[in-house]
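Below are the chains, spelled out letter by letter.
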Amino acid sequence: MNEPRDPWAAAVANASLLGLGYVLLRRWRLAAGTGLVTAALLTVLVATGSVWAQAALAAWWALMIAHGWRLAARGPVAASPGQRGFALAVALPVLLVVAAVRTEAAVIDNAVDQARADRDCAAAVAATDRVNTTHRVGAAPLAADLDRVRDACAAVAGAHEHIAAVRGGRVDEVNEALRDLSRALPDGKPFVDAELENLVETIERDTDCTASTITSLLHDAPPGDAVVEQARASAARIAPPALLRCAERYENYGDLDESLDLVTRLATDHPDAPEAGKAKDAVHRLGKAIERRDIQALMRDTPTGPRYCANPKGFSDAPEVAAGSGNRALVLDFTETITLPGDMRTTELDEAAMVLCVQSVDLGPQVDTCDFTLEDDGSQLLVRYHKALVSFSLFELRTGKSLASDTVTVAGASCPSEIEVPPSMSAASTTWSWSPRKPKSAPRSRAL
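First things first, this report covers the structure right here in the doc.

Calculation rules
- Residues numbered from 1 in each chain as written.
- Predicted model: local features only at pLDDT ≥ 70, side-chain atom pairs only at ≥ 80, totals over all residues.
- Heavy atoms only, no water.
- Helix = DSSP H or I, 4+ residues; strand = E, 2+ residues; numbered from the N terminus.
- Rg over C-alpha atoms; globule rule 2.2 N^0.38 Å.
- Buried < 20%, exposed > 50% of the residue type's maximum accessible area, 1.4 Å probe, protein only.
- Contact = heavy atoms within 4.5 Å.
- Areas by Shrake-Rupley, 256 points an atom, 1.4 Å probe, with all protein chains shown as cover.
- Disulfide = S-S within 2.5 Å.
- Pairing = 2+ DSSP bridges.
- Axes fitted to C-alpha atoms, helices over the stretch in contact; angles between N-to-C directions.
- Parallel < 35°, antiparallel > 145°, perpendicular 65-115°, else oblique.
- Left-handed = near helix turned anticlockwise from the far one by under 90°.
- Nonpolar A, V, L, I, M, F, W, Y, C, P; charged D, E, K, R; others polar.
- Core = buried A, V, L, I, M, F, W, Y, C linked by side-chain atoms within 4.5 Å.
- Phe/Tyr/Trp six-rings, centres within 6.5 Å; stacked < 30°, edge-to-face > 60°.

1. Brief notes about the overall build of the chain
Working step 1: Helix and strand counts for the chain stand at 14 helices and 7 strands.
Working step 2: Taken over C-alpha atoms, the radius of gyration comes to 48 Å for the chain, far larger than the 22 Å a tight globule of 448 residues would show.
Working step 3: Here the C-alpha coordinates of the chain stretch approximately 160 × 45 × 40 Å along the principal axes.
Working step 4: Counting over 448 residues, the chain shows a buried share of 40%.
Working step 5: Pairs at least 24 residues apart make up 65% of the contacts formed inside the chain by residues separated by at least 6 positions.
Working step 6: A total of about 23,700 Å² of accessible surface is found on the chain, and carbon and sulfur atoms cover 55% of it.

2. Some details on the state of the cysteines
Working step 1: One pass over the full model with this rule turns up 3 disulfides.
Working step 2: In this model C121 forms its disulfide with C153; the gap between the sulfur atoms is 2.3 Å. Taking the torsion about the sulfur-sulfur bond, which here is approximately -95 degrees, the covalent link between C121 and C153 counts as left-handed. With C121 in helix α6 (residues 121-128) and C153 in helix α8 (residues 140-167), this pair connects stretches of sequence that are 32 residues apart.
Working step 3: Residue C153 is classed as buried on the basis of its relative accessible area of 5%.
Working step 4: Here C309 connects covalently by a disulfide to C357, the sulfurs 2.2 Å from one another. An S-S torsion of about -90 degrees defines the bridge between C309 and C357 as left-handed. Of the two residues, C309 sits in the loop between α14 (276-299) and β1 (329-332) while C357 sits in strand β2 (residues 354-373), which places them 48 residues apart along the sequence.
Working step 5: Classification of C309 by relative accessible area gives partly exposed; the value is 21%.
Working step 6: Given the relative accessible area of 0%, C357 is considered buried.

3. Let's talk about the environment of V174
Working step 1: Following the sequence through the fold, V174 ends up in helix α9 (residues 173-183).
Working step 2: Residue V174 is classed as buried on the basis of its relative accessible area of 0%.
Working step 3: Contact partners of V174, with chain neighbours within four places excluded, come to V166, L199, I214, L217 and L218.

4. Quick word on the environment of T373
Working step 1: Mapped onto the elements of the fold, T373 is located in strand β2.
Working step 2: The class of T373 is partly exposed, set by a relative accessible area of 40%.
Working step 3: For the pair formed by T373 and E418, sequence separation is 45 residues and the distance between their alpha carbons is 9.2 Å.

5. Section: the side chain of S259
Working step 1: Mapped onto the elements, S259 comes out in helix α13 (residues 256-269).
Working step 2: In this structure, S259 is in contact with A247, Y250, E251 and L286, ignoring residues within four places of it in sequence.

6. Some remarks on the pairing of strand β3 (residues 380-396)
Working step 1: Counting buried residues along β3, 12 of its 17 residues qualify, which places the element largely inside the surrounding structure.
Working step 2: Both β2 and β3 contribute to a ladder of 16 bridges, which runs antiparallel. Within the sheet, the bridge partner assigned to D368 lies in β3 and is Y385.
Working step 3: Both β3 and strand β4 (residues 402-410) contribute to a ladder of 8 bridges, which runs antiparallel.

7. As for the packing of α8 against α9
Working step 1: Interaxial distance between α8 and α9 falls to 8 Å at its minimum, and their mutual angle equals 165 degrees. Classified by the interaxial angle, the pair formed by α8 and α9 is roughly antiparallel. Like other packed secondary-structure pairs, α8 and α9 cross with a definite hand, here left-handed. Residues A155, V156, G158, A159, H162, I163, A165 and V166 of α8 lie in contact with α9, whose contacting residues are E173, V174, E176, A177, D180, L181 and R183.
Working step 2: When grouped by side-chain class, the residues that make up the contact of α8 with α9 number 9 nonpolar, 2 polar and 4 charged.

8. A closer look at the nonpolar core
Working step 1: In this structure, L196 and L218 are the most contacted members of the largest nonpolar core, which totals 37 residues.
Working step 2: Secondary structure elements with two or more residues in this core: α5 (81-118), α6, α8, α9, α10 (189-205), α11 (208-220) and α12 (226-253).
Working step 3: Top element by residues in this core is α8. It accounts for 10 residues.
Working step 4: Setting aside residues no more than four positions away along its own chain, L196 makes contact with L178, L181, V227, Q230 and A231.
Working step 5: Core analysis: the second largest hydrophobic core is formed by 15 residues, C209, A239, A247 and A267 among them.

9. Details of the packing of aromatic side chains
Working step 1: Evaluated as defined, the whole model comprises 1 aromatic pair.
Working step 2: Each ring, one from Y308 and one from F395, has its centre 6.1 Å from the other, and the planes form 85 degrees; the classification is edge-to-face. Here the residue Y308 occupies a position in the loop between α14 and β1, and F395 occupies one in strand β3, the gap between them amounting to 87 residues. F395 matches Y308 in its accessibility class, with the two residues each being buried.

Shown next as structure tokens:
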């Protein structure tokens, strides 16, 4: 005959999650099996800290209580003070511990909430240091939330170090700072906001050119999460005045190209900024200055002649070539040999409509023979005078377009009252061929 059972004792003993209600019913295999299931659920709960794992454990706890009651109620039923005392002795401590753990977890959570309100990661980390294994079992989802806050603060701490490096001049680390702050979302949102303010203050404290570099990096960053967009919005506010002031510094230093790049970026990236109007004016002014500088550099003499003649470029401020006369020209190379009629020749870039490049001046047909007496020894020198064969190219300065390219014969003066000859000329020298060309850099000479 079956012994009487106490359903109340079995249910309460099972509330311990240890399967002790089944032990009271002498259902040893059932006690062992449910114990394994409970251990598995606790393992998953600690590992994941998920709500569904806790819900599964709670459902399993309720099922064990109901099943213990129902199983005991199948046979003869009788109250057993001894079994009830045992059940309370094992279940009540478990329930009290769970309640205490959940209460402590709530206190920790409140401390973290206060740290969030104060945007104090150090206080949040100090609070999460109190989380232990009992919290991960008794309040697993809450403990998991606190762990995520701790991880977020670790990411924010990394961002803080990168921002300190940015303050020290390593501007590229701004991207690393943004990546760390993005990792801290969403659990560390208040701390991220505080560190973003730190980043913005760092940029605003930097010199204009450093600030312009950082804001340009932020502007060029690909669209991303809320952190990137918030940083880009701050950059849009800081960048225009920083870019303009940095451009002015470069212009004062004589670096027109860098200055032009900065004002162009300002006008392009921030067209609605109050500084955009000044930037557009500077783009035009610097563009003209750079164009003038480059043209002047091309026209400077080199051992192989002015580079402009091989690589002509337009100068937009040059006057247009007019039909008929009145066009003035710059003469490049052989400048002491070539003469132009009237006022066609100029040495001023702003007056020239054309550029005459003289490639060579060679001897042409002989036109006269002249006798000269050397002053130092009275010896005679016969000089043959020739016309000059001049090869030239003519360009329109405004466009750099070729207008003409030819070789012409030019007559020159003959039999002057005196000439200069190199010291290496022999005192008994016979003849010397002379063209209208005057050497560009003659050696030391003697008057005749």
